[in-house]
Amino acid sequence: MGALVGTSVVVGSGKAGAVPDLSDIGAWLTSSRTGEAAHANGLTGDVDGKVKLPGMGDHPVSISQDGKTVLVLDEKTGKLVRIDASQLTAEQSSRYGSGLQLVSGGSYAYLVDPVKARVQRIDPVRTTPLGAPMDLGAGPLGKAVADPKGTLWVPVPGKGTVVPFPHGKKGDAIKVGAKRGEASTLVMTLADGRPVVTDTRGGTVAVLRRTGIGLRFKLPSGIAEAPAGTVVVPSSTAGDVVPVLARESGRMTLVNTRTGSLLNASLGAGSHEYGTPQVLGSKVYVPDHSNGTLKVYDTEAAAITEPVKVTGKRGKLSLFVRDGLLWVNDEDNETAVVINSSGHVNRVHKYDTDVPSGRKPREDAPSGDDGKRDPAPGRDAPDAVPEGPSNPGRDETPSGPDAPARKPDGGGEPKEPERKEPERPRKPERPDKGEEKPEARPPGTPQAQSGAGVIRVSFAPSPGVKPTGYRLKGAPAGAEVKPEKVGPNGPFTFEVNGGSCAQQYSFSVEAAFAGGQTAESGRTVPTRPCVAPGAPQKVEYAFPQGGRGINLTWQAPANADGGTKYTVTGGKGSQTTTATKAQLTGLANNRTYNLTVAAGNAAGSGGSTAVAVDLSNPKDIKITDNADDGEEVGIRTKPSTKEGTRLGFVPAGQTPTLQFICQVRGTAEVHDTYGWKSDVWDRIEWEGKTGYVSDLWVATSKHKVGKFSPEVWQCD
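Rules used in this analysis
Residues numbered from 1 in each chain as written. Predicted model: local features only at pLDDT ≥ 70, side-chain atom pairs only at ≥ 80, totals over all residues. Heavy atoms only, no water. Helix = DSSP H or I, 4+ residues; strand = E, 2+ residues; numbered from the N terminus. Buried < 20%, exposed > 50% of the residue type's maximum accessible area, 1.4 Å probe, protein only. Contact = heavy atoms within 4.5 Å. Salt bridge = Lys/Arg side-chain N within 4 Å of Asp/Glu carboxyl O. Patch = residues over 30% accessible without salt bridge, like charges linked within 9 Å, V, L, I, M, F, W, Y side chains within 5 Å. Areas by Shrake-Rupley, 256 points an atom, 1.4 Å probe, with all protein chains shown as cover. Polar contact = N/O pair within 3.5 Å; in protein donor to acceptor, adjacent residues only side chain to side chain. 1 Å grid on protein atoms, 1.4 Å probe; cavity = no way out; pocket = protein on both sides within 12 Å on 5 of 7 lines; lining within 4 Å. Points joined across faces, edges and corners; volume = space filled by probe spheres on them. Pairing = 2+ DSSP bridges. Phe/Tyr/Trp six-rings, centres within 6.5 Å; stacked < 30°, edge-to-face > 60°. Axes fitted to C-alpha atoms, helices over the stretch in contact; angles between N-to-C directions. Disulfide = S-S within 2.5 Å.

J.: I'm lost on the overall build of the protein in this one. Help?
T.: Along the backbone of the protein there are one helix and 53 strands. For the protein, with 716 residues in total, the buried portion stands at 48%. Put simply, of all contacts in the protein between residues at least 6 apart along the chain, 54% involve residues at least 24 apart.

Following this line, the structure appears as structure tokens:
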């Protein structure tokens, strides 16, 4: 059970003799077996610094390096330490309870107790508590994230909300989930620093703002209907694209959180134990915990490419992107990897001992050993995990004629040596039969990307024998497919224009071969021919005669379609329409209404446009019929000569212009000169105050004694 009361254990400044030279482009990687954190150079994979984590050997730990300090939490004991990168030590520490989550961003750091539903802000330098724990009232909590400004975003699945903590203080909860569910229902992601929440049971992905929800995207049925707890989403992505993976089926959706476009692909099911995916460039890397490898999906090729072997062993691989590099670590194994945007792989040997630490500064390698290092105890044997390209001073790959071949560019995984099978005697040719037809192999399972009124279907060509062409199957009736046929050399893409946004469509690609043979691919993940619309533009308003209503008009967003609906809220309830206008009735005059107009369709809801409308119609009107008879026109605090007091007066004979707000009935008065009688009073602004004057002395263009004027609205 977690506890958020910290006790400072040791305060120290580190070893005085260590002078590390850590790369600017690098990351810290933990090793539970050795109880250490190793800092690796992102460009080479070399370990350039190590820190001993006191008392954390063989314990699960979590590291937070997204803030201005590097913190490590022992998840078993609750011990929290700060890594001093200048001294390569971890001596500043405090002790908290077990079962906590460590989160940091900017200059803020937090510990979240998911069971007790509490958040404790901590000093990231001293590791001590700052203030008292903040209670969220209902657990268990989902996994929180902190954005670059230090705002913490905590999902509360039981309430279907996300609670922000701007500047370390609890803010108003944001309603995000349509359904209640377990802690796995709401998953937070930082997409290029912006908070995004995925409701795995509700089947939506929404961009959050401090004031509420921005864009909301609806996931395809293949993802939304996956069993509870089987949909995984990363806690952060380097760009706008958030990958959502259904682990059991292998169906994956890449959500572009700025454009609303969804790219749907299939990794295939089977005996894989898929972990949380990450996106780098055009590739999606998906860990397979069953064998310590990464499955690589290339969105440009619309195909699964050569996997990356990390450890080659069963184990949990954790992925994160930092400085444009993908880092992959298994804290229970020695080998980690770092991959750049072009797919080049560098291996990280975390158990290396010839590196600077708080106890041993870096020394020059002895002469004559060519800078080579002996494998550290426990290092994976070279034949168990084939090594990548050599770094200077670390060439441990076997050489000679039987050595594994390397790729021409020196990157990626070394290929295994080719094995030549002994030639088998060929069957004698039968002159009475023609040559056997080559095997017709299908193209790869296509990927489908949604657009405004269009679906783009891309696929990998058939391997082996080249077909004469490809055709798309599954287009809805009346849809236009461009081109009708793709040639044998591509480009391997179809565009389907048409179809209903309310429906999802699945496609396959059929390859045709010489001689009449055909081969059909697998089908795409069902996809809609639309995207969630953006916010309505140029919201304007006008008033009906007499007020008590608002007439709104707006322009549709650029990616709206015929199925787009608009929801107007903030009047008396809300209303939904397919038109770009709405009438709000039954409102009260002389009040301000905060209205929002939001667009949505079957693909999701777009951003909303807010407008504040002051439902009033003040008029500048002259006092009239004020004869110079010694009788002034009184300004009252109430529309009555029997209640209230006199606020002021207009001297006899004067006809100044005053601002008239509205009209109301009060006591009946009689004009002292003409004998007219009226119980209508006008509310006015008088020397910064609100006053009332009898309508008998007001000159409106259509003035009728005793009647409300159409020019001045009634008060409500």
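J.: Would you mind going over the environment of Val 162 with me for this structure?
T.: Assignment of secondary structure puts Val 162 in strand β15 (residues 161-165). Looking at Val 162, the relative accessible area reads 0%, which means it is buried. Sequence-distant contacts of Val 162, defined by excluding residues within four places in its chain, comprise Trp 153, Val 154, Pro 155, Asp 172, Ala 173, Ile 174, Val 176, Met 188, Val 197 and Leu 208.

J.: What exactly am I supposed to notice about the pattern of salt bridges here?
T.: Between side chains of opposite charge, a pair can form when the charged atoms approach closely. Following the criterion strictly, the structure yields 12 salt bridges and no others. Among the ionic pairs, Asp 66 bridges to Arg 322, the shortest N-O distance being 4.0 Å. Taken as a pair, Asp 66 in the loop between β5 (61-64) and β6 (70-74) and Arg 322 in strand β30 (residues 318-322) lie far apart in primary sequence, 256 residues in all. Notably, a salt bridge pairs Asp 240 with Arg 258, separated by 3.0 Å at the nearest N-O pair. On the criterion of sequence distance, the pair formed by Asp 240 in the loop between β22 (236-237) and β23 (241-246) and Arg 258 in the loop between β24 (251-256) and β25 (262-266) is long-range, its members being 18 residues apart. Residue classification places Asp 240 among the partly exposed positions, given a relative accessible area of 21%.

J.: Please clarify how a nonpolar patch on the surface should be interpreted in this entry.
T.: Together, Tyr 674, Trp 676 and Val 705 make up a nonpolar patch on the protein surface, roughly 270 Å² of accessible area in all. Mapped onto the secondary structure, Trp 676 falls in the loop between β51 (657-670) and β52 (677-686).

J.: Just to check I follow, could you spell out the environment of Thr 77 for this structure?
T.: By the secondary structure assignment, Thr 77 is in the loop between β6 and β7 (79-84). On a C-alpha basis, the gap between Thr 77 and Gly 99 in space is 8.6 Å, while along the polypeptide they are 22 residues apart. Setting aside residues up to four positions removed in sequence, Thr 77 forms contacts with His 59, Arg 95 and Tyr 96. Only 3.3 Å separates the side chain of Thr 77 from the backbone nitrogen of Lys 79, close enough to count as a polar contact.

J.: It is not clear to me how empty space enclosed by the protein should be interpreted in this structure. Could you clarify?
T.: Tallied over the entire structure, the rule returns three cavities of 30 Å³ or more. In this structure, the second largest cavity spans a volume of roughly 80 Å³. What lines the second largest cavity is Lys 218, Leu 219, Pro 220, Leu 262, Asn 264, Ser 450, Gln 504, Pro 526, Thr 527, Arg 528, Cys 530 and Ala 603.

J.: Sorry, what's going on with the pairing of strand β31 (residues 325-329) here?
T.: Successive residues of a regular strand alternate their side chains across the two faces of the sheet. In terms of residue burial, β31 counts as a mostly covered element, since five of its five residues are buried. Side-chain alternation along β31 places Leu 325, Trp 327 and Asn 329 on one buried face and Leu 326 and Val 328 on a second face that is also buried. By the bridge criterion, five bridges tie β30 to β31 in an arrangement that is antiparallel. The partner of Leu 319 across the bridge, within β31, is Val 328.

J.: Would you mind going over the packing of aromatic side chains with me for this structure?
T.: How two aromatic rings sit relative to each other is given by the distance of their centres and the angle of their planes. For the coordinates displayed, the defined rule picks out 10 aromatic pairs. Pairing Tyr 470 with Phe 492 gives two aromatic rings, centres 5.8 Å apart and planes at 90°, and the pair type is edge-to-face. With a gap of 22 residues between them, Tyr 470 in strand β36 (residues 469-473) and Phe 492 in the loop between β37 (480-482) and β38 (493-497) connect regions that are remote in the sequence. Accessibility expressed as a relative area gives 1% for Tyr 470, which makes it buried. These aromatic residues form a ring-pair network of at least three members: Phe 459, Tyr 470, Phe 492 and Phe 494.

J.: What am I meant to see in the sheet that holds strand β2 (residues 26-31) here?
T.: Hydrogen bonds along the backbone pair up the strands of a sheet, which may run parallel or antiparallel. With antiparallel pairing, three strands are arranged side by side in an open sheet as β2-β3-β4. Both outer strands of the open sheet, β2 and β4 (47-52), are each paired with one neighbouring strand and no more. Mean inter-strand twist for the sheet, computed between neighbouring axes without regard to direction, equals 20°. For strand β3 (residues 36-41) and β4, the ladder comprises five bridges, and the chain directions are antiparallel. Counted as the bridge partner of Glu 36 is Lys 52 from β4.

J.: What should I look at first to understand the side chain of Ser 521 in this one?
T.: Along the chain, Ser 521 falls in the loop between β40 (518-520) and β41 (537-542). Ser 521 sits in the buried class, given a relative accessible area of 8%. There is a polar contact of 2.9 Å between the side chain of Ser 521 and the backbone nitrogen of Val 509. Leaving out residues up to four positions away in the same chain, Ser 521 has contacts with Pro 442, Pro 443, Gly 444, Thr 445, Pro 446, Ser 508 and Val 509.

J.: Would you take a moment to explain the sheet that holds strand β28 (residues 293-298) for this structure?
T.: Across the sheet, four strands lie side by side as β26-β27-β28-β29; this open sheet has antiparallel pairing. What marks the edges here is a single partner per strand, and that holds for β26 (278-280) and β29 (303-309). Neighbour-to-neighbour, the strand axes of this sheet turn through a mean angle of 30°, independent of strand direction. Examined bridge by bridge, β28 and β29 share five bridges and lie antiparallel to one another. The residue bridging Val 296 from the neighbouring strand is Thr 305, located in β29.

J.: Whenever I open this one, the state of the cysteines confuses me. Can you help?
T.: A covalent bond between the sulfur atoms of two cysteines is referred to as a disulfide. All chains considered together, the criterion is met by two disulfides. Across the disulfide, Cys 501 is cross-linked to Cys 530 (sulfur-sulfur distance 2.1 Å). On the S-S bond that ties Cys 501 to Cys 530, the torsion sits near 75°, and the link is right-handed. Placement of Cys 501 in the loop between β38 and β39 (508-512) and of Cys 530 in the loop between β40 and β41 is noted, with a sequence separation of 29 residues between them. The class of Cys 530 is buried, set by a relative accessible area of 2%. Between the sulfur of Cys 662 and that of Cys 715 lies a disulfide, 1.9 Å long from S to S.

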